[in-house]
Amino acid sequence: MTDLPRRHQRARGPEAVRHGRLPRRRGAVAALKLLSAVVVVVVVSIGSVAAYAVWDVARSIKTGVHLQALPGQTPIPQDVPNVAAIPGGVNLLIAGTDSRSDLGGIYNSADEQDASSGAGNNDVTMLLHIAQDHKSMMVVSFPRDLMVPIPDCPSPDGGTIDGSSYAQFNTALSRGGLNCVVATVSKMTGLSIPFAAEINFNGVSAMSNAVGGVNVCLASPVVDDYTNPPLDLPAGEQTIVGDVALSFLRSRHGVGDGSDLGRISNQQVFLSALARKVVSGGVLSNPVQLYGLAKAAVDNITPSDTLTNPTTLVQIALALKDTGLENMVFVQYPAVSDPDNPNRVVPQESAADALNEALVNDQPVKLTGSTGRAAEDPTATASPAPDAGAGGEPSPVTPTAPATPATPAPSATDTAGGAVELPSTITGQTAAQQTCTKGND
């Protein structure tokens, strides 16, 4: 998300960083929405507590944004089927806005308000794809600095907002709202996306609080004076909560090579930790945490109108009940340096085609590449293939790498187990991998 000017006076709230052992890791910007659905699911199974919880969650949900299909696409149904009861998958987009409007707290300062007000940009965008058989899940993170065509978008006030043949991906939200982000990702991937939500900074902080913090592994210190509050985390296991959790997710200068692509792999460390905590760390058996997570989600998101019914959240969550951590895959949409602007990236076409094909064909995937620029797997026995290309804005710590020649990536291939083997230029990890963040040192 948008970086902030250095601050000499650090904003501090209650103690937000605790060292030592606490419940395992917990989550972030995109899986937040997803796993907050799991929250409502389990709460619903708890009898009388459920009745109050669903009612309170329902009254907290904001008016939904109606998603309109692009010309030639099948109209998006308003009566969404029960995805847990009938064969069928889910495509759900989550856009994290950098707008500080009406957030209060540490975002009331003049610097913060100047950084981004109004609609803001979609500086974190993730697509959740749940397979039709519910046996696999993929979360695709889209680089904010990706230069792509943005299609004509439905205007929130009626009419059409003109598209662009070449624009920065993270301008889609400020250009035409949630509909425009959905339309852009739909155009890029070939998927119809009937569910979407916009989440703000407070949502990330609130949900990390709701699960008692997220335990992350740091391979080296993470220091970033450009976030609010600034980060100064030593190497080792760290449990992060609230605004510090948000700073960790937003950090670019403090992780990897200082690029936006490094930030994505850092977010995947956090997201996989979140998934592990929710699935195996006791969250699903704790009605207090479950309800708190659901409430934190709906209080801080603007959903599409297909998500305003709490029952729909329950149905989506049930689709993941038996998926398994090893079948939850987080990937970065493949990108290389833009030959016209080394501070921006463009899709790596052959690898993107392979990923899109797997998504459209609803195939489980197997990763063959690295865990990304800001993540490492301490259990790996061999050096993984490097990710291609550069990305991010100029960093005061690490300059952006020069453009690399575009080497055609191999097409995805089927493995013996039925999963599609993605090209090695596609980075990411599964939720079962316990990776560590590499600081920008």
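Note that the coordinates shown come from a computational prediction; the quantities given were computed from them, not determined experimentally.

1. Some remarks on the overall build of the protein
1) Next: Each helix and strand counted, the protein has 10 helices and 23 strands in total.
2) Next: Burial status across the protein gives 58% buried among its 441 residues.
3) Next: Counting contacts in the protein only where the partners sit at least 6 residues apart, residues at least 24 apart contribute 76% of the total.
4) Next: Of the accessible surface of the protein, which amounts to about 16,700 Å², a share of 52% is contributed by carbon and sulfur atoms.

2. Re the environment of Lys277
1) Next: Summarising the element assignment, Lys277 is placed in helix H7 (residues 260–280).
2) Next: A C-alpha to C-alpha distance of 8.2 Å links Lys277 and Val214, two positions 63 residues apart in sequence.

3. Some words on the sheet that holds strand S4 (residues 137–142)
1) Next: As summarised here, the arrangement of the 7 strands in space is S14-S9-S2-S3-S4-S15-S22, forming an open sheet in which the pairing is mixed. Unpaired on one side and paired on the other, strand S14 (301–303) and strand S22 (428–430) mark the two borders of the sheet. The sheet shows a mean angle of 15° between the axes of neighbouring strands, taken without regard to direction.
2) Next: One ladder, built from 5 bridges, connects S4 with strand S15 (residues 328–332); its direction is parallel. Across the sheet, residue Met137 finds its bridge partner in S15, namely Met328.
3) Next: Strand contacts of H7: strand S3 (122–130), S4, S15 and S22, with the helix running at about 170° to S15, the strand carrying the most contacts.
4) Next: Each of S3, S4 and S15 is contacted by helix H10 (residues 349–360), which is oriented at about 140° to S4, the strand it contacts most.

4. A word on the state of the cysteines
1) Next: All chains considered together, the criterion is met by 2 disulfides.
2) Next: The disulfide that involves Cys153 links it to Cys180, with 2.1 Å between the sulfurs. Handedness here is read from the sign of the S-S torsion; for Cys153 and Cys180, about 60°, the answer is right-handed. Of this pair, Cys153 sits in strand S6 (residues 153–154) while Cys180 sits in helix H4 (residues 172–189); the two residues are 27 residues apart in sequence, bridging distant segments of the chain.
3) Next: Cys217 shares a disulfide with Cys436; S-S distance 1.9 Å.

5. A few points about the confidence of the model for the protein
1) Next: The pLDDT averaged across the protein works out to 75; a share of 65% of its residues lies at or above 70.
2) Next: Within the protein, no element has a lower average pLDDT than helix H1 (residues 31–44), which sits at 36, and none a higher one than H10, at 98.
3) Next: Considering only residues more than four positions removed or in separate chains, one finds that residues 1–52, a stretch of pLDDT under 50, has 174 contacts.
4) Next: Across residues 112–117, where pLDDT falls below 50, the model places 19 contacts with residues more than four positions away in sequence or in other chains.

6. With respect to the pattern of salt bridges
1) Next: Considering all chains together, one arrives at 4 salt bridges under this definition.
2) Next: Note that Arg373 is salt-bridged to Asp257, the shortest N-O span being 2.6 Å. Separated by 116 residues along the polypeptide, Arg373 in the loop between strand S18 (365–366) and strand S19 (375–376) and Asp257 in the loop between helix H6 (242–250) and H7 bring together distant segments of the chain.
3) Next: Classification of Asp257 as partly exposed rests on a relative accessible area of 23%.

7. Things to note about the environment of Val331
1) Next: Along the polypeptide, Val331 turns up in strand S15.
2) Next: With 98 residues separating them along the chain, Val331 and Gln429 place their C-alpha atoms 6.6 Å apart.
3) Next: When sequence neighbours within four positions are dropped, the list of residues in contact with Val331 reads Met138, Val139, Val140, Ser141, Gln268, Leu355, Leu367, Leu422, Ile426, Thr427 and Gly428.

8. Regarding H10
1) Next: For H10, spanning 12 residues, the distance from its first C-alpha to its last is 16 Å, which sits close to the expected 16 Å at 1.5 Å a residue.
2) Next: Among the residues of H10, Ala351, Ala352, Ala354, Leu355, Asn356, Ala358 and Leu359 are the ones counted as buried.
3) Next: Next to the buried residues of H10 lie S3, S4, H4, S15 and S18.
4) Next: Backbone geometry just after H10 places Asp362 at a positive phi near 60°.

The rules behind each value
- Residues numbered from 1 in each chain as written.
- Predicted model: local features only at pLDDT ≥ 70, side-chain atom pairs only at ≥ 80, totals over all residues.
- Heavy atoms only, no water.
- Helix = DSSP H or I, 4+ residues; strand = E, 2+ residues; numbered from the N terminus.
- Buried < 20%, exposed > 50% of the residue type's maximum accessible area, 1.4 Å probe, protein only.
- Contact = heavy atoms within 4.5 Å.
- Areas by Shrake-Rupley, 256 points an atom, 1.4 Å probe, with all protein chains shown as cover.
- Pairing = 2+ DSSP bridges.
- Axes fitted to C-alpha atoms, helices over the stretch in contact; angles between N-to-C directions.
- Disulfide = S-S within 2.5 Å.
- pLDDT = per-residue confidence, 0-100.
- Salt bridge = Lys/Arg side-chain N within 4 Å of Asp/Glu carboxyl O.
- Expected span 1.5 Å × (residues − 1).

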